[in-house]
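# Tertiary structure, described
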Number of protein chains: 4
Amino acid sequence: MTITPPPAPEAAGPRVPRTPRGARTRARLLEAAEHVFATVGYPDASIVKITEEAGVALGTFYVHFAGKKEIFDEVVGDLSHRVRQAMSEASGRGRTRIEAEREGFRAFFRFTAEHPALYRIIRQAEFVSPEAMRAHYASIVDGYAEGLAQARERGDIRAVDPTVAAWALMGAGELIGMRWILWEQADDIPEHIYEALMDVVQGALAPTTTDERPAR
Amino acid sequence: MTITPPPAPEAAGPRVPRTPRGARTRARLLEAAEHVFATVGYPDASIVKITEEAGVALGTFYVHFAGKKEIFDEVVGDLSHRVRQAMSEASGRGRTRIEAEREGFRAFFRFTAEHPALYRIIRQAEFVSPEAMRAHYASIVDGYAEGLAQARERGDIRAVDPTVAAWALMGAGELIGMRWILWEQADDIPEHIYEALMDVVQGALAPTTTDERPAR
Amino acid sequence: MTITPPPAPEAAGPRVPRTPRGARTRARLLEAAEHVFATVGYPDASIVKITEEAGVALGTFYVHFAGKKEIFDEVVGDLSHRVRQAMSEASGRGRTRIEAEREGFRAFFRFTAEHPALYRIIRQAEFVSPEAMRAHYASIVDGYAEGLAQARERGDIRAVDPTVAAWALMGAGELIGMRWILWEQADDIPEHIYEALMDVVQGALAPTTTDERPAR
Amino acid sequence: MTITPPPAPEAAGPRVPRTPRGARTRARLLEAAEHVFATVGYPDASIVKITEEAGVALGTFYVHFAGKKEIFDEVVGDLSHRVRQAMSEASGRGRTRIEAEREGFRAFFRFTAEHPALYRIIRQAEFVSPEAMRAHYASIVDGYAEGLAQARERGDIRAVDPTVAAWALMGAGELIGMRWILWEQADDIPEHIYEALMDVVQGALAPTTTDERPAR
DNA sequence: GATGAATGAGTATTCATTCAT
DNA sequence: AATGAATGAATACTCATTCAT
């Protein structure tokens, strides 16, 4: 799992605070929002809850964000950027193709364990902000697919379709993470599950003697 | 993908209609609810919308269901049962292990294409009714894992952990379906994507000469 | 001022209550709304105030009306219909053309004195619901203009343009009513003001010896 | 329509800017406010909109005006002063009584066409600032009534009550302007409407042989 | 069984105004 | 003078649910 690092977060777009005080308040709101969205879900995440948690007045919210959806999108973007960053860094540390793969998944699971919010928030995004959701998946999968394409080039893996493989393995990781981290509320994935998954992943990608060009 | 068929839907539980008229009304409400949940999402699915679409008065809803969550759970249960049924039937038609696998996935994609509702509804269930969501996944994955275990017994596949493999491949199918059916709003998965996925799946499960018992 | 009677109020359109209880509640809301709009003006007329005055719960409002503007339009329509009715009846009682004129204005002033709401509400309508406002003026003026046209036909008045005259005299009545009834919060227009106005009106319309067909 | 010119705008009252920069800012705010009030109406005219249109920061507003009502009053005062000025000048140009009448109305319609804001703003004033509204009407009508009184003195017009006639004819002009300039969004009143109105006005005021009583 | 009127707590959002800089 | 962040009360409107008929 070699993941190319994400582009820097989009320069601006939303209201940019012009004073340090404003910047602090805005950050507090974002943090609070991440927590609230993850805890009670988008529909039950009221602006009141968010501002209360952030310790600011209700009206202040609208000084910094245009509305509920806007802050949601920003939270999703943030989280998305952070997982991809974490996965990219981790996979980059792997010396061999296999190590890169293992490190990438490990980073993903670790992030999942530390930010259960990610999952919960992303899953809601389907209805709330499909664009944000697609951007999230696309961002991660694209990086992964690129890594697979290079590995195939080098003959490190079988001639699988890199994009399809990336989506498939991303899905594998996602459900495994959901099942053994979120549902179990575990701090990390159990080692033997991790190894069993890696076994499946290796099988899916392992180079074979009878290797040929895949269709695309 | 050999999937054992689901148990018959739980005998009763909720209000059971005592007249044919009642049964018809109840069915109309369920159908309307599936549609509304799939279209606008749980939080925006108001009882009014459901009853309007069903063509009954607002109060009638509460004659048949205890509340919004209850009808949601029933819709989820329904859909869940129907996918599993479809997958089980299809995989049962496969002569060889590989054919069973292929047919199972095919049935899953077909169902996804015909009932995009399934996805959308399930993904929301995380917050609305975690139990229903877990029941859904568990139901499918358990059937699949059982099939994999038997295949391993027969030496048809590698010594992968059947449960982990089942979750992983379920995840693979899920994201592929999301990407190429839902996002494209396609009627079916493109053939080459399907084949590329099967290629990955086969690789993940294919028996090898150097095959040994996996840990669990 | 001969005013033809208004058409019957539009059959239905808005939510029609299906039970006597519903009808009663709806009527109470309309009455309350008329009062509130007249007292504090449209922008400050909150739904809460209206429902409190009507003695029903907030939500009940939306059972009967789609929103604030909708109830406003209905109130305007009501009032408009009632003035026109009153003016038409009164002018119909006049034996001569002059008497009709006098009675029409008298009815207008009487209505103004009894329903100061009319003025205040209509004047706001400009911004809130221009259609309603135009409908109101048009309805009254059209009736008046028709009466003038007939009077001209009979040679009872000068060859003035009936439409222009109707608007002009309507305006005269409006400002006079505003000045001497509303601003003075009087129960009726002072007799000498009324006579002075009638003098002006008679002058404007009086047939002359040198009378001919007017251009248009 | 002979209208005496308005007194110079009341010396000061509100915050007076002490620097040229301040004066400029204040003027920009007033201009913006006139536009905003005319466009969206008083209740929807937010201070933010006004300051944005004026290109200054929100807080700056309160440097120059005590609040929303205060700037509204000033805008009304301004407009009022300007119409009266225009009407007075125009009527002064008329050589004969009739010409003065015609010119006064013409000026009024021209102002209406050029500043539709006037109407819209005045009509709202009823609720927002009754004093301002009364001041506006009183100012114009008083000037007009004075002119009529003098004309009567000279025997140029019939013995109508000048005050009542002034209010009545003002009302006539107002509704005619509303109907044929504002509603039609026209640049000027159609010539034949103007003539038809003048015909009515002449009739109302024309001296007759049998001239007697105006009560007062 | 079915109806539809009634409820009232809850929602996102706006806005005039204050104030520290 | 000018700024822009912060406030919090107020607003229109929604909706799951209850209940008398």
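Residues numbered from 1 in each chain as written. Chains lettered and ligands numbered in written order. Predicted model: local features only at pLDDT ≥ 70, side-chain atom pairs only at ≥ 80, totals over all residues. Heavy atoms only, no water.

The name that an unreviewed UniProt entry assigns to chain A is Transcriptional regulator, TetR family, with the source organism given as Ornithinimicrobium cerasi.

## Concerning the confidence of the model for chain A
Low pLDDT marks stretches whose predicted atomic positions should not be read closely. Spelled out, the test is: Here pLDDT means the predictor's own confidence in every residue, given as a number from 0 to 100. In this description a helix means any DSSP run of H or I spanning at least four residues, a strand means any run of E spanning at least two, and both kinds are numbered starting from the N terminus.
In this model, chain A carries an average pLDDT of 89, and 91% of its residues clear a pLDDT of 70 or more. When mean pLDDT is compared element by element in chain A, helix α8 (residues 162-182) of chain A scores highest at 97, while helix α6 (residues 116-128) of chain A scores lowest at 83.

## Considerations on the side chain of Ser129(D)
Residue and element names in this part refer to chain D. As a reminder of what qualifies: Type-normalised accessible area, obtained with a 1.4 Å probe on protein chains alone, sets the label of each residue: buried when under 20%, exposed when over 50%, and partly exposed for intermediate values. Note on contacts: a residue pair is in contact if any heavy atoms of the two residues lie within 4.5 Å.
For Ser-129, the location among the structural elements is in the loop between α6 (116-128) and α7 (130-153). By relative accessible area, which is 0% here, Ser-129 ends up buried. Excluding residues that lie within four positions of it along the chain, Ser-129 makes contacts with Lys-69, Phe-72 and Asp-73.

## Here's the deal with the pattern of salt bridges
The test is simple: Salt-bridge detection follows one rule: a side-chain nitrogen of Lys or Arg within 4 Å of a carboxyl oxygen of Asp or Glu.
By the definition in use, this model includes 44 salt bridges over all chains. Among the ionic pairs, Asp73(D) bridges to Lys69(D), the shortest N-O distance being 3.1 Å. Here Lys69(D) and Asp73(D) lie together in helix α4 (residues 68-93), a separation of four residues that amounts to about one turn. Since its relative accessible area comes to 26%, Asp73(D) is described here as partly exposed. With a relative accessible area of 30%, Lys69(D) lands in the partly exposed category. Between Lys69(D) and Glu131(D) there is a salt bridge; the shortest N-O distance is 3.2 Å. Here Lys69(D), found in helix α4, pairs with Glu131(D), found in helix α7; they are 62 residues apart in sequence, far enough to count as distant. Taken together, the shared-partner salt bridges in this structure form one network comprising Lys69(A), Asp73(A) and Glu131(A).

## Details of the protein's contact with DNA strand F
Heads up, the condition is: Any residue with a heavy atom lying within 4 Å of a molecule or strand is counted as near it. In protein, a polar contact means a hydrogen-donor-capable atom and an acceptor-capable atom, both N or O and within 3.5 Å, with residues adjacent in sequence counting only if both atoms are side-chain atoms; elsewhere, any N or O pair within 3.5 Å suffices. Lys, Arg, Asp and Glu make up the charged group, whereas Ala, Val, Leu, Ile, Met, Phe, Trp, Tyr, Cys and Pro make up the nonpolar group; the residues left over, Gly among them, are polar.
Taken together, 36 residues are adjacent to DNA strand F, and Thr25(A), Thr60(A), His64(A), Leu58(C) and His64(D) come closest. A share of 65% of the atoms of DNA strand F within 4 Å of the protein falls on sugar and phosphate groups. One of the side-chain nitrogen or oxygen atoms of Lys68(C) is found 2.9 Å away from a phosphate oxygen of DNA strand F. Between DNA strand F and Gly59(D), the relevant distance is 3.1 Å, taken from a base nitrogen to a main-chain nitrogen or oxygen of the residue. Those elements that place two or more of their residues in the surface near DNA strand F are α1 (20-40) and α3 (58-64) of chain A, α3 (58-64) of chain B, α3 (58-64) of chain C together with α1 (20-40) and α3 (58-64) of chain D. The residue inventory of the surface near DNA strand F, partitioned by class, reads 16 nonpolar, 14 polar and six charged.

## Some points on the interface of chain B and chain A
We apply this condition: Simply put, the buried area is the total loss of 1.4 Å probe accessible area from both parts when two parts are fitted together.
Listed per partner, the contact involves 43 residues of chain B and 42 residues of chain A. Summed over both partners, the interface of chain B with chain A buries about 3,700 Å², with 73% contributed by carbon and sulfur atoms. The largest contributions to the chain B side of the interface with chain A come from Arg123(B), Phe127(B) and Trp183(B), which together make up 21% of the buried area. Seen at the junction of chain B and chain A, the total is four salt bridges. Measuring nitrogen to oxygen at the nearest pair gives 3.3 Å for the salt bridge that ties Glu174(A) to Arg123(B). The interface formed by chain B and chain A includes six residue pairs in polar contact (both at pLDDT 80 or more). Top contributing element to the side of chain B that touches chain A by residue count: helix α8 (residues 162-182) of chain B, with 14 residues. Residue composition of the side of chain B that touches chain A, grouped by class: 26 nonpolar, seven polar and 10 charged.

## Regarding the UniProt feature "DNA-binding region" (unreviewed entry) in chain A
Note the cut-off: UniProt positions are given in the numbering used here, feature names are shortened, and annotations may be inferred rather than shown by experiment.
UniProt records the feature "DNA-binding region" (unreviewed entry) at residues 46-65 of chain A, using the numbering of this structure. With 75% helix and 0% strand, residues 46-65 of chain A has its two end C-alpha atoms placed 14 Å apart.

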